[in-house]
Structures are given as structure tokens and as C-alpha cells.
Amino acid sequence: MTAVLQRPTALAIPTPRMPSEPITRSTPAVAYQRVIHQTVRREFRLLAGLASWAPADDAVRTAEITRHADLVARVLIQHHATERELLWPALFRSLPDPEAARDVVADWTSRTALLDHHLRDLSTVARQWAVAETEPAREAFVRACTRLADDVDAATAVEERDLLPLLSRYLPDGEWTAITRRATTTLSGREQMLVLGLALEDACALDRARLLAGLSPAARTAWRVFGRRDFHAAVVRLRGAPPAA
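Residues numbered from 1 in each chain as written. Predicted model: local features only at pLDDT ≥ 70, side-chain atom pairs only at ≥ 80, totals over all residues. Heavy atoms only, no water.

**What to know about the overall build of the protein chain**
In step 1: Broken down by element type, the protein chain carries nine helices and zero strands.
In step 2: Reading the secondary structure of the protein chain in the N-to-C direction produces α-α-α-α-α-α-α-α-α.
In step 3: Out of the 245 residues belonging to the protein chain, those deemed buried represent 45%.
In step 4: Nonlocal contacts in the protein chain, meaning residues at least 24 apart in sequence, comprise 81% of its contacts between residues at least 6 apart. (Helix = DSSP H or I, 4+ residues; strand = E, 2+ residues; numbered from the N terminus. Buried < 20%, exposed > 50% of the residue type's maximum accessible area, 1.4 Å probe, protein only. Contact = heavy atoms within 4.5 Å.)

The following block contains the structure:
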């Protein structure tokens, strides 16, 4: 019989959020940005907590945790690429005075370039833990996840303060629809279902409805047929507890 790992009492398992009335009007583009930000912030915090109580020399457990860290890092790197290549150029085209936002986007570019570098470094730290199977290697991974969580907190706070109001006011919904159609991903189908589950997990009812409505019919069917089931099983394996929703 397979033993179920017990969840540490200090681990902050997500719970669905209540809808709020944000200062920035929540268009589909703004809502998507906020959901992605919330997901990656939460997952890096959870990963630091999970790794801190994982046996340093348990190869299976190490693989589960580091594989999830790699997925979250790839999601954020791809998200930054979409913003850099598609979203901010579309915003510039829609602004009445593009020069007024040029410094804000330049600051975002500098911050995310450094953040992407740290995200790629995480894979190196993860491999070192997997090879060494020692407590110092595990603690280095914990520190890397904690630092990333702090960095993502800071970067997304500035983005939500300075750029999301511009998206809310000036980016037409049609431009956002075109961006979602042009955006590409290297994630497998099952990875995409897992990320969808993570995004839905603590989203408010309105954001959940928007996320699901934005999926293609094939993706909605995949989520209903196997995606939700696989997401539940993956979360239980990773956290030792079922997802919040």
C-alpha cells in the first residue's frame, strides 16, 4: 500500500478567492494577467515549503518537486515572451501617446530579463539536488524558490500598478483575442491541463468562468474528460492533499 505524505501544517494551501471590485477595470486581458501572476506567485511559495520538508535523498520525491518547479518556471518564461513579443506592442499601437509608456515598458523589460535568468538558474539548482541528494543541495533549492517567489511578487506588483491600468483602458478586446490566437506554447497537452487547473484553483467565480469560456471547445472537452481528473491526482501526489477546487 502506498503511503500518503502528510501535509505540513505551515503549508499555505490555496483556497478560492472571493470576487472583488479592483481599482483597475477587469477586462479579459487584465483578468488573465492577474490569474497568471497569482498562480506563479503561489506555486513558488508552495514549492519552497514542500521542498523544505522533503527527504533530501528521496529521488522520487525530489523528481516530483523539481519537475513541478520546471513547469512553473517555463510557464512564466513563456508568459514574459508573449508579453514582450505580442502584448506590449499591441498596447503601444493602441495608446494615444506611446512615448508616455515607453519608460514603463523599458523598466518591465529589465526586470523580467533578470527574472527569466533566475528562472533558468532554478533548473541548475534542481539538477544539483537530484544528483547530490544532500540537505545542503535541497536547501539551495528551497532558497532559490523563495527568492523567485519574492522576485515574482515584486515584479508583478509593479506590473499590476503601472501596466494593467493601461491595458484596462486602452487595449481593445479584439486585440487581446488576436494575441491569444497567435500566442504559442511548448507545453504538452497534459501540462496545459495542469496549468489550467492551477489557475482555476483559487480564482474567483468570475475569473473561473472567463478562463473556461476562453478555451477552445476541444480544450474544454479535454478538461472535462481527463484534465480535471489528472490535475486532482497530480496535486495530491505533489502536496499530499487535494486541490482547493
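**Side note on the packing of aromatic side chains**
In step 1: For the coordinates displayed, the defined rule picks out four aromatic pairs.
In step 2: Centre to centre, the rings of tyrosine 32 and tryptophan 176 are 5.4 Å apart; their planes meet at 50°, and the pair counts as tilted. Here the residue tyrosine 32 occupies a position in helix 1 (residues 28-53), and tryptophan 176 occupies one in helix 6 (residues 173-182), the gap between them amounting to 144 residues.
In step 3: Take tyrosine 32: its relative accessible area is 33%, and that puts it in the partly exposed class.
In step 4: Their ring planes at 45° and their centres at 6.1 Å tell us that tryptophan 223 and phenylalanine 231 sit as a pair that is tilted. Judged on exposure class, the residue tryptophan 223 and its partner phenylalanine 231 are both buried.
In step 5: Over the ring of tryptophan 53 we find arginine 61, and its NZ or CZ is 5.6 Å from the ring centre. (Phe/Tyr/Trp six-rings, centres within 6.5 Å; stacked < 30°, edge-to-face > 60°. Lys NZ or Arg CZ within 6 Å of the ring centre and 35° of its normal.)

**Some thoughts on the pattern of salt bridges**
In step 1: In the structure shown here, the tally under the stated rule is 19 salt bridges.
In step 2: Put simply, glutamate 175 and arginine 93 hold a salt bridge, and the shortest N to O gap is 3.5 Å. Taken as a pair, glutamate 175 in helix 6 and arginine 93 in helix 2 (residues 59-94) lie far apart in primary sequence, 82 residues in all.
In step 3: The salt bridge involving arginine 210 is made with aspartate 207; its shortest N-O contact spans 3.9 Å. In this pair, arginine 210 and aspartate 207 are both assigned in helix 8 (residues 205-213), three residues apart and thus about one turn of the helix distant.
In step 4: Each member of the salt-bridge network shares a partner with another, and the members are Arg41, Arg45, Asp150, Asp153 and Glu160. (Salt bridge = Lys/Arg side-chain N within 4 Å of Asp/Glu carboxyl O.)

**Focus on the packing of helix 7 (residues 189-201) against helix 9 (residues 217-239)**
In step 1: It is the contact of helix 7 with helix 9, at a shortest axis distance of 8 Å, that shows an interaxial angle of 75°. When the axis of helix 7 is compared with that of helix 9, the two are roughly perpendicular. Between helix 7 and helix 9, the contacting residues are Arg190, Met193, Leu194, Leu196, Gly197, Leu198, Leu200 and Glu201 on the first element and Ala219, Ala222, Trp223, Phe226, Gly227, Asp230, Phe231, Ala234 and Arg239 on the second.
In step 2: Here the residues of the contact of helix 7 with helix 9 sort into eleven nonpolar, two polar and four charged. (Axes fitted to C-alpha atoms, helices over the stretch in contact; angles between N-to-C directions. Parallel < 35°, antiparallel > 145°, perpendicular 65-115°, else oblique. Nonpolar A, V, L, I, M, F, W, Y, C, P; charged D, E, K, R; others polar.)

**Let's talk about the packing of helix 7 against helix 8**
In step 1: One way to put it is that helix 7 packs onto helix 8 with a least axis distance of 9 Å and a crossing angle of 155°. In terms of orientation, helix 7 lies roughly antiparallel with respect to helix 8. Two secondary-structure elements touch here, helix 7 through Ala199, Leu200 and Glu201 and helix 8 through Arg208, Leu211 and Leu212.

**As for the nonpolar core**
In step 1: With 30 residues, the main nonpolar core has Phe44, Ile65, Leu115, Leu119, Leu122, Trp129 and Phe141 as its most contacted residues.
In step 2: Elements with a minimum of two residues in this core: helix 1, helix 2, helix 3 (99-132) and helix 4 (135-162).
In step 3: Top contributing element to this core by residue count: helix 4, with nine residues.
In step 4: In this structure tryptophan 129 touches Ala51, Ala54, Pro55, Ala56, Thr62, Ile65, Thr66, Thr134, Ala137, Arg138 and Phe141, once residues within four positions along its chain are discounted.
In step 5: Listed in part, the 19 residues of the second largest apolar core include Trp88, Leu91, Phe92 and Ala101. (Core = buried A, V, L, I, M, F, W, Y, C linked by side-chain atoms within 4.5 Å.)

**A few points about the side chain of aspartate 202**
In step 1: Mapped onto the fold, aspartate 202 is located in the loop between helix 7 and helix 8.
In step 2: A relative accessible area of 2% places aspartate 202 in the buried class.
In step 3: Only 2.9 Å separates the side chain of aspartate 202 from the side chain of arginine 42, close enough to count as a polar contact. (Polar contact = N/O pair within 3.5 Å; in protein donor to acceptor, adjacent residues only side chain to side chain.)

**Structural notes on unusual backbone geometry**
In step 1: With a phi close to 55°, glutamate 133 is a non-glycine residue in the positive phi region.
In step 2: Inspection of the secondary structure assignment puts glutamate 133 in the loop between helix 3 and helix 4.

**A short note on helix 2**
In step 1: With 36 residues, helix 2 ought to run about 52 Å at 1.5 Å a step, and its terminal C-alpha atoms sit 51 Å apart, in line with that.
In step 2: Approximately 45° is the largest bend angle found in helix 2, and it occurs at glutamate 83.
In step 3: The N-cap residue of helix 2 is aspartate 58: its side-chain oxygen and the backbone nitrogen of valine 60 are 3.1 Å apart. (Expected span 1.5 Å × (residues − 1). Bend = angle between axes of the 7 residues up to and from the residue.)

That's the geometry; what it means functionally is another story.
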